[in-house]
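# Examining the three-dimensional arrangement
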Amino acid sequence: MQKNINIKNKKARFEYELLDKFTAGIVLGGTEIKSIRESKASISESFCEFNDRGELFIVNMQIDEYSHASHYNHKPKAERKLLLHKQELKKLQKEVNTSGLTIVPLNLFLNEKGLAKINIALAKGKKLYDKRETLKDRDNKRDLDRIKKSFNN
């Protein structure tokens, strides 16, 4: 009986315009998966970047140390390699290098086999006026839903 783990990056949809989404595996050490199963991870300040060999890494991902581990524990903010197909990596690297887009993590979850996966997106940063427009649209939708609900009752 496995608990459903879903750690979200709520700021990503507000700060960025998401263009293309991918699901990637993560290379984890011994106690890292145990901490993730306890929901002791955060991806709110993290981002993805390529190294010189064309491998994709997630940077600034916080996985707290496992509470029941001995001195063989992991580093909380280590870079972790992401696993994607070669064609997907080439596509992402081409987009990042040519058009100046960035790769942001959206949510971290465990699949049905118990493996840690992360949804990432190719994203373009929003300007301040885009963020204001997003807030205005959200408020208008909330007001419209209230009016519909009061009209139906």
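Provided above is the structure to which this section pertains.
Bear in mind that the values here come from a model prediction, so they are computed numbers and not experimental data.

## Considering the pairing of strand β8 (residues 102–110)
- Judged by how many residues are buried, β8 sits mostly within the fold: 8 of 9 residues are covered.
- The pairing of strand β1 (residues 6–8) with β8 spans 3 bridges and is classified as antiparallel. Bridge assignment links Lys-8 to a residue of β8, and that residue is Asn-107.
- Pairing of β8 with strand β9 (residues 116–125) involves 8 bridges; the strand directions are antiparallel. Along β9, the bridge assignment pairs Ile-103 with Leu-122.
- With antiparallel pairing between neighbouring strands as the criterion, β8 and β9 make up a hairpin whose turn holds 5 residues, including Gly-114 at a positive phi of roughly 90°.

## Some words on the nonpolar core
- Counting residues in each nonpolar core, the largest one holds 27 residues, and the members touching the most others are Leu-56, Leu-82, Leu-92, Ile-118 and Ile-120.
- When residues of this core are assigned to their parent elements, the largest contribution, 4 residues, is made by β9.
- Apart from residues no more than four positions distant in its own chain, Ile-120 is found in contact with Asp-20, Lys-21, Phe-22, Cys-48, Leu-56, Leu-82, Leu-84, Leu-92, Ile-103, Val-104, Pro-105 and Leu-106.
- With 5 residues, the next largest nonpolar core counts Ala-12, Leu-106, Ala-121 and Ala-123 among its residues.

## Quick word on the environment of Leu-108
- Locating Leu-108 in the fold gives a position in strand β8.
- Separated by 93 residues in the primary sequence, Leu-108 and Glu-15 have C-alpha atoms spaced 18 Å apart.
- In this structure Leu-108 touches Ile-5, Asn-6, Ile-7, Ile-26, Ile-36, Ala-41, Ile-43, Met-61, Lys-117 and Ile-118, once residues within four positions along its chain are discounted.

## With respect to the pairing of strand β4 (residues 47–50)
- Covered by surrounding structure in β4 are Cys-48 and Phe-50 only, the residues Phe-47 and Glu-49 on the alternate face being uncovered.
- The antiparallel pairing of β4 with strand β5 (residues 56–59) creates a hairpin that spans 5 residues between the two strands, and Gly-54 there sits at a positive phi of about 85°.

## Let's talk about unusual backbone geometry
- At Ser-39, a residue that is not glycine, the phi angle is positive and equals roughly 60°.
- Mapped onto the secondary structure, Ser-39 falls in the loop between α2 (32–37) and β3 (41–42).
- Accessibility expressed as a relative area gives 37% for Ser-39, which makes it partly exposed.

## Observations concerning the pattern of salt bridges
- Counted under the stated rule, the structure contains 9 salt bridges.
- The residue Lys-131 makes a salt bridge to Glu-15 at a minimum N-O spacing of 3.0 Å. Of this pair, Lys-131 sits in helix α4 (residues 128–152) while Glu-15 sits in helix α1 (residues 10–15), placing them 116 residues apart in sequence.
- The salt bridge partner of Arg-142 is Asp-139, with a shortest N-O separation of 3.1 Å. Within this pair, Arg-142 and its partner Asp-139 are both found in helix α4, separated by 3 residues, close to a single helical turn.
- In this structure Arg-142 comes out as partly exposed when scored by relative accessible area, which is 41%.

Reading the values: rules and limits
- Residues numbered from 1 in each chain as written.
- Predicted model: local features only at pLDDT ≥ 70, side-chain atom pairs only at ≥ 80, totals over all residues.
- Heavy atoms only, no water.
- Buried < 20%, exposed > 50% of the residue type's maximum accessible area, 1.4 Å probe, protein only.
- Helix = DSSP H or I, 4+ residues; strand = E, 2+ residues; numbered from the N terminus.
- Pairing = 2+ DSSP bridges.
- Core = buried A, V, L, I, M, F, W, Y, C linked by side-chain atoms within 4.5 Å.
- Contact = heavy atoms within 4.5 Å.
- Salt bridge = Lys/Arg side-chain N within 4 Å of Asp/Glu carboxyl O.

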